[in-house]
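# Summary of structural features
So the chains spell out like this:
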Amino acid sequence: MEFCRVSPAFVIWYAYDPAVKADLFSTAFAARNELTVVDPIVLLAPYRTELDSLGRVAYIIVTNANHLRDTPNFSGSASIFAPSELNAELAHNHALSDDLEVGPFRAIKIDGGAPGEFALYQSDDGGTLIVGDALINFGAHGFSLLPRKYCANQKRMIRSLRRLLDFDFNRIFFAHGNPIVTRARERLASLLPS
């Protein structure tokens, strides 16, 4: 497991999951003594203490139906926002919907990727996106689209991802892969076919 403070406001942690044969990443955003945690995986005690020193977990956001991960154990008194596909697994969650404001983030529905896929946008400090599975940044793939075999409809996913270019952002955090911390919007624009 790795735990890293990427900026004054953002923390990531990640670990390899042999079941999915990939690194799983979680992101936390700290503001006004509150944390918004996205797609939480198990966090070892010393790192959890460090995370808790940044504020109380106020919101947990699950970016798609495959990312429940450690949300039930992580939540405490936090408000959980998740795709409606997870209603059966989460008794007291709030459904994510397109343009919903959750704490400092705006939810953006991404059709055609994984079931219930959302991206999150936050405008502070040059702007940040957090994505579930529609975009990845690891291994031989590098920064790329979710492979077609994992998509419900990759062409529809690409059309949805183009909506993200309506926003200004310098950074992208991923559920699978290292963050891009500069010129992320330019990189996304060059990745998406016209």
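This write-up is about the structure you can find in this document.

About the thresholds
- Residues numbered from 1 in each chain as written.
- Predicted model: local features only at pLDDT ≥ 70, side-chain atom pairs only at ≥ 80, totals over all residues.
- Heavy atoms only, no water.
- Salt bridge = Lys/Arg side-chain N within 4 Å of Asp/Glu carboxyl O.
- Pairing = 2+ DSSP bridges.
- Helix = DSSP H or I, 4+ residues; strand = E, 2+ residues; numbered from the N terminus.
- Buried < 20%, exposed > 50% of the residue type's maximum accessible area, 1.4 Å probe, protein only.
- Axes fitted to C-alpha atoms, helices over the stretch in contact; angles between N-to-C directions.
- Contact = heavy atoms within 4.5 Å.
- Phe/Tyr/Trp six-rings, centres within 6.5 Å; stacked < 30°, edge-to-face > 60°.
- Lys NZ or Arg CZ within 6 Å of the ring centre and 35° of its normal.

### Notes on the pattern of salt bridges
With the rule as written, the count across this model stands at six salt bridges. Glutamate 186 is the partner of arginine 183 in a salt bridge, and the nearest nitrogen-oxygen pair spans 2.9 Å.

### So, the sheet that holds strand E8 (residues 101–102)
Here five strands make up an open sheet; going across it, the order is E8-E9-E10-E11-E14 and the pairing mixed. The open sheet terminates on both sides in strands that have one partner only, identified here as E8 and strand E14 (171–174). Pairing geometry for strand E11 (residues 128–131) and E14, over four bridges, is parallel. By the bridge assignment, valine 131 is partnered in E14 with phenylalanine 174.

### Regarding unusual backbone geometry
For arginine 69, which is not glycine, the phi torsion reads 50 degrees and is therefore positive. Its place among the elements puts arginine 69 in the loop between strand E5 (56–61) and helix H2 (71–74). The exposure class of arginine 69 is partly exposed, given its relative accessible area of 22%. Despite not being glycine, aspartate 125 has its phi angle at roughly 55 degrees, a positive value. Position of aspartate 125 relative to the elements: it lies in the loop between strand E10 (118–122) and E11.

### Quick look at the sheet that holds strand E7 (residues 93–95)
Ordered in space as E1-E2-E3-E4-E5-E6-E7, the seven strands form an open sheet in which the pairing is mixed. A single partner strand is all that each edge strand has here, and the edge strands are strand E1 (2–5) and E7. Ignoring strand direction, the axes of neighbouring strands in this sheet form an average angle of 25 degrees. Of the strand pairs in this sheet, strand E6 (residues 79–82) and E7 are connected by three bridges, and their pairing is parallel. Across the sheet, the residue bridging to isoleucine 80 is asparagine 93, located in E7. Lying on the sheet, helix H1 (residues 45–52) is in contact with E1, strand E2 (10–17), strand E3 (22–31), strand E4 (34–38) and E5; it crosses E1 at an angle near 20 degrees.

### So, the environment of alanine 30
Among the secondary structure elements, alanine 30 is positioned in strand E3. Between the alpha carbons of alanine 30 and leucine 54 there is a distance of 6.4 Å; along the sequence they are 24 residues apart.

### Focus on the environment of glutamine 154
Examined against the element boundaries, glutamine 154 turns out to sit in helix H3 (residues 154–162). Note on glutamine 154: relative accessible area 12%, which makes it buried. The contact partners of glutamine 154, leaving out residues within four places of it in the chain, are Gly112, Leu145, Leu146, Pro147 and Arg148.

### A look at the packing of aromatic side chains
Describing an aromatic ring pair means giving the distance of the ring centres and the angle of the ring planes. All told, the structure shown has 10 aromatic pairs when counted by the stated rule. Each ring, one from phenylalanine 3 and one from tyrosine 47, has its centre 5.2 Å from the other, and the planes form 10 degrees; the classification is stacked. Note that phenylalanine 3 is positioned in strand E1 and tyrosine 47 in helix H1, a separation of 44 residues in sequence. Accessibility expressed as a relative area gives 15% for phenylalanine 3, which makes it buried. Taken together, a centroid distance of 4.9 Å and an interplanar angle of 50 degrees make the contact between phenylalanine 10 and phenylalanine 29 tilted. Residue phenylalanine 10 is located in strand E2, and its partner phenylalanine 29 is located in strand E3; the two are separated by 19 residues in the primary sequence. One exposure class covers both phenylalanine 10 and phenylalanine 29, and it is buried. Directly above the aromatic system of phenylalanine 74 lies the positively charged group of arginine 48, at a separation of 4.0 Å from the ring centroid. One cation-aromatic arrangement involves lysine 109 over phenylalanine 118; the distance from NZ or CZ to the ring centre is 5.2 Å.

Taken by themselves, the reported measurements are silent on function.
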